[in-house]
2 protein chains.
Amino acid sequence: MQKFDLDLILKAQRRLQGQVVRTPLLSSAMLNDIVGADVYVKAECLQKTGAFKFRGAMFKLSELAPSDRNKGVITYSAGNHGQAVAAAAHQWGCPSVVVMPEHAPKIKQDNCRWWGAEVVLYNKDVEDREDVTQRLIESRGLTFVSPFDDPLIMAGQGTIGLEIAEQLAEVGASPHSVWLGCSGGGLASGTLTAMRAKCGHFESVLVEAEGYTKWQTALQKGEPVKLQLLPKTLLDGIAGPAVGALPFEVLKPVQPRTEVAYLEDAFQGMRAAFQYLKLVLEPGGAAALGTLIREKARYEGKTVVVVCSGGNVDPDVFLQAWAN
Amino acid sequence: MQKFDLDLILKAQRRLQGQVVRTPLLSSAMLNDIVGADVYVKAECLQKTGAFKFRGAMFKLSELAPSDRNKGVITYSAGNHGQAVAAAAHQWGCPSVVVMPEHAPKIKQDNCRWWGAEVVLYNKDVEDREDVTQRLIESRGLTFVSPFDDPLIMAGQGTIGLEIAEQLAEVGASPHSVWLGCSGGGLASGTLTAMRAKCGHFESVLVEAEGYTKWQTALQKGEPVKLQLLPKTLLDGIAGPAVGALPFEVLKPVQPRTEVAYLEDAFQGMRAAFQYLKLVLEPGGAAALGTLIREKARYEGKTVVVVCSGGNVDPDVFLQAWAN
């Protein structure tokens, strides 16, 4: 397995040149006024397939031996990673299988199928996604594409951090704090590694969904944890069951702060992105922004970067953000 | 008055460097599949103040004599131009007045006030916006910032065309057709002038709101027209009463095709931008995209550029796109 470090992220950036969207780093005077801080939003919902996951999947598939790639790839995913693997496989012209919980949003299932993936649904309450996936790997000779626990995936997501560093430099800003939604830890480990190499010292904040505060527990315990209880949540993009072992190794010495996002925080983030940035965010993608708004008192006059991803949300869920 | 030409647009681009967002040119494999063409969307709703209007306003104010600028600026606007002038005035630290119809969306009125502008409302049915504005110019010594009928405004908007040309070159594409929402003609005259200089030959399509098909009439008659009847419409961003005299001079030899956008077309564009591009568009900003989708049969296998701006829409109007 390759070593995860800045060099691997730089390699990913060269490899992905022209393959991924260099998403804009947006700001809004009105949003800054609401938060009382200089807020820069990395609009990663504008990435291909609507989420950052496409970066990691493209880099991973580019590194497979052609013979393995041609046999096909498989992953499990609440949705955005599945779409990304399906789209990357489509780009490479190889088969893909996506294992998903039965209650994954319909838009995410449909999108995987649109890219040509075979979607295998399983019942979260009685089956384990790893077991379902392992059976298919063995029976079909597929290569597993981890959502986060892979140096190549982490490096692909880390290209976001390199871009943020470049974009902050263009406007002469340096971050006091960097906020990201976090579940397995692929986005956070990659992005924060790149930014710590390029942006000097800053506070790192991982935002977790209510009921899925795995990193809070893992960082306290000093080891990765896996949840047994998986409550239903609209923040599905950041509601995986496990802290990634490799992301944990990378993030443990960083000692990030953790915050819990409640549904109302996600809705607040969605409304702010709609009103001030003209971006569509799914609840899990808006959780970091909404939680920052809730916690704004700590950040008066500071420069804060927020990664917002993804934007794959059914209209009826989107509309709920304005329902009360 | 300055001459409007490519050189003035290039000057505007140099002047606006770092002052405006270089908005991304987005594409979506799914949208391409729906339309049956290669569609590139200039996501100008991500511009500061949520619409392209900020470009023209910033360039215009940068060219005013400081003594005039300090006395203040005034404009009339269905909203997006008003916000842009208010924001540009705020940037320059000078007073601004925005004359708006009473029924302009509340978000647009609020946004102008937020930027420090004085909002003067008038009754569309009994007053003329030019008369209301002229009285204030005379009584206060303000400088008028035209929404479109000014070479500097047209040149500012034209920087969109330069960016599109650069962005198309990056992906090795050249346009068969370019679609824009059109009312006064500032965006279309600027953007098409820049693109015709940089992108070779292509078809130009102006999309007008139902009940506001001024360009269709003007191009047939061979002279600018002004509407007497101003029906209520949700496509307020492209529902001004008049064809601009200068934009008409520029666009007449271009002989653009015109298309009428109905409310359902705008809603279709809003839904497509939401689903495939993760962008929030107001009805007038989505009209060109939605009408292209309606007329897709003409464009099979072609490369089509669509300018999408703006994104200033109240949530209750946005939600109507999914109401039926």
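Here, every reference points to the structure presented above.
These lines cover the structure that appears in this document, whether it is placed above or below. Small disclaimer: the values here were computed from a predicted structure and weren't measured. (Residues numbered from 1 in each chain as written. Chains lettered and ligands numbered in written order. Predicted model: local features only at pLDDT ≥ 70, side-chain atom pairs only at ≥ 80, totals over all residues.)

1. Observations regarding the interface of chain A and chain B
The test is simple: Contacts here follow a simple rule: the backbone-placed C-beta atoms of the two residues must lie within 7 Å. The nonpolar class holds Ala, Val, Leu, Ile, Met, Phe, Trp, Tyr, Cys and Pro. Asp, Glu, Lys and Arg form the charged class, and all remaining residues, Gly among them, are polar.
Each side of the interface is counted separately: chain A has 16 residues, and chain B has 16 residues. Partitioned by chemical class, the residues of the side of chain A that touches chain B number 13 nonpolar, two polar and one charged.

2. Structural notes on helix α5 (residues 80–92) of chain B
Residues and elements named next belong to chain B. Convention followed: Runs of H or I in DSSP of at least four residues are treated as helices and runs of E of at least two as strands, each being numbered from the N terminus. What a helix is expected to span follows from its residue count: subtract one and scale by 1.5 Å. Comment: burial labels come from other C-beta atoms within 10 Å of the residue's own C-beta, placed from the backbone, where a count of 20 or more is buried, 12 or fewer is exposed, and between is partly exposed.
The end-to-end C-alpha distance of α5, which contains 13 residues, comes to 18 Å, matching closely the 18 Å that a straight helix rising 1.5 Å per residue would cover. In terms of burial, α5 is largely enclosed, as ten of its 13 residues are buried. Every buried residue of α5 is listed here: N80, H81, G82, Q83, A84, V85, A86, A87, A88 and A89. Tucked inside the fold, the buried residues of α5 contact α3 (53–63), β3 (73–76), β4 (96–101) and α6 (106–114).

3. Things to note about the relation of the copies chain A and chain B
In plain terms, the rule: Here the copies were fitted onto each other by least squares, based on C-alpha atoms from residues at pLDDT of at least 70 in both.
With an RMSD of 0.0 Å, the fit of chain A onto chain B corresponds to turning through 180° and sliding 0.0 Å along the axis. The superposition of one copy onto the other is thereby described by a two-fold rotation axis. If distances are taken from each C-alpha of chain A to the rotation axis, the shortest is found for L279 of chain A, at 2.5 Å. When the interface residues of chain A are mapped onto chain B, 100% of them again lie at the interface, so the same face is used by both copies.

4. Observations concerning the nonpolar core
If you look at soluble globular proteins, the nonpolar side chains tend to sit buried side by side. Put simply, the rule reads: To count as a nonpolar core, a set of buried Ala, Val, Leu, Ile, Met, Phe, Trp, Tyr and Cys residues must be joined through C-beta atoms within 7 Å.
Counting residues in each nonpolar core, the largest one holds 211 residues, and the members touching the most others are V306 and C308 of chain A together with V306 and C308 of chain B. The biggest single contributor to this core is helix α8 (residues 151–170) of chain A, with nine residues. Not counting chain neighbours up to four residues away, the residues in contact with V306 of chain A comprise V39, V41, W179, A288, L289 and L292 of chain A.

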